[in-house]
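Analysis of the macromolecular model
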Amino acid sequence: MIMTQTDDSRQRPIALVLGATGGIGGALAAKLVERGYEVRALHRSAAEMQGKVPQYDWVQGDAMNRADVVAAAEGVELIAHAVNPPGYRNWGELVLPMIDNTIAAAKASGARIVMPGTVYNFGPDAFPVLEESSPQNPVTRKGKIRVQLEERLEAASGEGVPVLIVRAGDFFGPGAGNTWFAQGIVKPGKPLSSITNPGIRGVGHQWAYLPDVAETMVQLIEQPDRIPRFARFHMDGFYDPDGRQMAEVIRRVSGKPDLKTKAFPWWLASLASPFVPIFRELLEMRYLWNLPLRMTNRRLVSFLGAEPHTPIDEAMRATLASLGCLEATIDPHADSGRLARRAAMHESAS
């Protein structure tokens, strides 16, 4: 095990987190610190971040620069790949070079790679029950790229790089700003006045609470001798069987039982899609809201004994509070936005 020497003479393993300012990257970084890791975080403005989040060792660099990633990974035993291009610009052209940089860094350092997976990899032919071995025949451009990404990781595992992929539903939780929940279900920074539902009544949807995803990843990482060199695990998370239960939880936690649910304006996204590329991306993913699908966590439960699971009311309360949607925690400076802001949504993986 690769270690670092601390001031109090205790040795700690080092983890490099790419995307520590994002939802899952931030949740995983915090969880790793709790477990005794030293977290090294790569950022283009490292000095600024060091002042804001001093518990991590911020390193100047860019995940799109291979030399920066390889240098940052020196001496680490774990690399968390939870990064996306800034503002999701040129996503399709940049995500594969970014994973190649992470793979190169893992080969140089001997580190394990851990990455959140998405349901984009699967097409309707694999529905409604998704297992780790289900065929990956995506019907979208983004899904095809995600398949290529995982194929590169699997090839790297054949060359000695340990890889762990944890696939979960749409993220919600503290720090999960660029998600369907934060950008499409509620309006951050203001009291709840309604709930938006992108799905079809009666069609289930799978959600994942970020701290639970991070805890699952860490519990798996803590058993390196048991995990296959290339490992995939699916989480169950919080499954909304009819597309209405998430709204009921929001009403209950917020103390507003009469909150109305309204449909997501897909028609507006359709009208704007010829001119706004991100709307085309949203429309590509609409099938995930229209068709029933559910990942099974049988393999995960068999391995860990149980899936980490925060009670849904507790998870929702923390999520809404972090978004400034509860009356006592509203941030008057937060950007509420509308459809254009919702277009910032990224993979459920987010």
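In what follows, the structure referred to is the one given above.
Structural notes, computed from the coordinates. (Residues numbered from 1 in each chain as written. Predicted model: local features only at pLDDT ≥ 70, side-chain atom pairs only at ≥ 80, totals over all residues. Heavy atoms only, no water.)

Examining the overall build of the protein chain
A tally of helices and strands in the protein chain yields 14 helices and 15 strands. Across the 350 residues that make up the protein chain, the buried fraction comes to 57%. (Helix = DSSP H or I, 4+ residues; strand = E, 2+ residues; numbered from the N terminus. Buried < 20%, exposed > 50% of the residue type's maximum accessible area, 1.4 Å probe, protein only.)

Quick notes on the pattern of salt bridges
Counting across every chain of the model gives 14 salt bridges. For E159, the salt bridge identified is with K107, shortest N-O distance 2.4 Å. Residue E159 is found in the loop between α5 (141-157) and β8 (163-167), and its partner K107 is found in helix α4 (residues 91-109); the two are separated by 52 residues along the sequence. What makes E159 exposed here is its relative accessible area of 55%. Here K107 falls in the partly exposed class, since its relative accessible area comes to 45%. Several salt bridges share partner residues, and in doing so they unite K31, E34, R35, E215 and E222 into one network. (Salt bridge = Lys/Arg side-chain N within 4 Å of Asp/Glu carboxyl O.)

Focus on helix α13 (residues 312-322)
All buried positions along α13 are accounted for by I312, A315, M316, T319 and L320. In an axial view of α13, the angular spread of the buried residues amounts to 125 degrees, which keeps them on one side of the axis. In the core, the buried residues of α13 are packed alongside β9 (170-172), α6 (180-185), β11 (205-209), β13 (238-240) and α8 (245-254). In the segment just after α13, G324 is the residue with positive phi, at about 75 degrees. (Arc of directions from axis to C-beta. Contact = heavy atoms within 4.5 Å.)

Side note on unusual backbone geometry
Trans is the common state for peptide bonds, and a negative phi is the common state for residues other than glycine. Here the amide bond leading from F127 into P128 is cis, since omega sits at 5 degrees, within 30 degrees of zero. Looking at the secondary structure, you find P128 in the loop between β6 (112-117) and β7 (129-130).

Description of the sheet that holds β9
Here 3 strands make up an open sheet; going across it, the order is β9-β11-β13 and the pairing mixed. Sheet topology places β9 and β13 at the edges, where each strand pairs with a single neighbour. Going across the sheet, the axis of each strand differs from the next one's by a mean of 35 degrees, ignoring polarity. Here 3 bridges tie β11 to β13, and the two strands are oriented antiparallel to one another. Along β13, the bridge assignment pairs H205 with D240. Across the face of the sheet, helix α7 (residues 210-221) comes into contact with β9 and β11 while running at roughly 70 degrees to β11. Across the sheet, α13 lies against β9, β11 and β13, angled at about 70 degrees from β9, the strand it touches most. (Pairing = 2+ DSSP bridges. Axes fitted to C-alpha atoms, helices over the stretch in contact; angles between N-to-C directions.)

Quick word on the packing of aromatic side chains
As enumerated under the stated definition, the model contains 12 aromatic pairs in all. Measuring from ring centre to ring centre gives 6.5 Å for F172 and W207, while their planes differ by 85 degrees; the resulting arrangement is edge-to-face. Taken as a pair, F172 in strand β9 and W207 in strand β11 lie far apart in primary sequence, 35 residues in all. Pairwise contacts between aromatic rings join F172, W180, F181, W207, Y209, F264, W266 and W289 into one cluster. Cation over ring: R226 sits above F303, and NZ or CZ is 3.9 Å from the ring centre. (Phe/Tyr/Trp six-rings, centres within 6.5 Å; stacked < 30°, edge-to-face > 60°. Lys NZ or Arg CZ within 6 Å of the ring centre and 35° of its normal.)

Some words on the packing of α4 against α5
Remark: α4 packs on α5, axes separated minimally by 10 Å, with the N-to-C direction vectors making an angle of 10 degrees. In terms of orientation, α4 lies roughly parallel with respect to α5. Of the residues in α5, those touching α4 at W91, G92, V95, L96, I99, D100 and I103 are R141, K142, I145, R146, Q148, L149, R152, L153 and A156. A breakdown of the residues in the contact of α4 with α5 according to their chemical character gives 9 nonpolar, 2 polar and 5 charged. (Parallel < 35°, antiparallel > 145°, perpendicular 65-115°, else oblique. Nonpolar A, V, L, I, M, F, W, Y, C, P; charged D, E, K, R; others polar.)

Describing a nonpolar patch on the surface
A cluster of nonpolar side chains, contributed by W267, L268 and L271, occupies part of the molecular surface with about 340 Å² of accessible area. The topology assignment puts L271 in helix α9 (residues 266-272). Exposure remark for L271: the relative accessible area of 55% places this residue in the exposed category. (Patch = residues over 30% accessible without salt bridge, like charges linked within 9 Å, V, L, I, M, F, W, Y side chains within 5 Å. Areas by Shrake-Rupley, 256 points an atom, 1.4 Å probe, with all protein chains shown as cover.)

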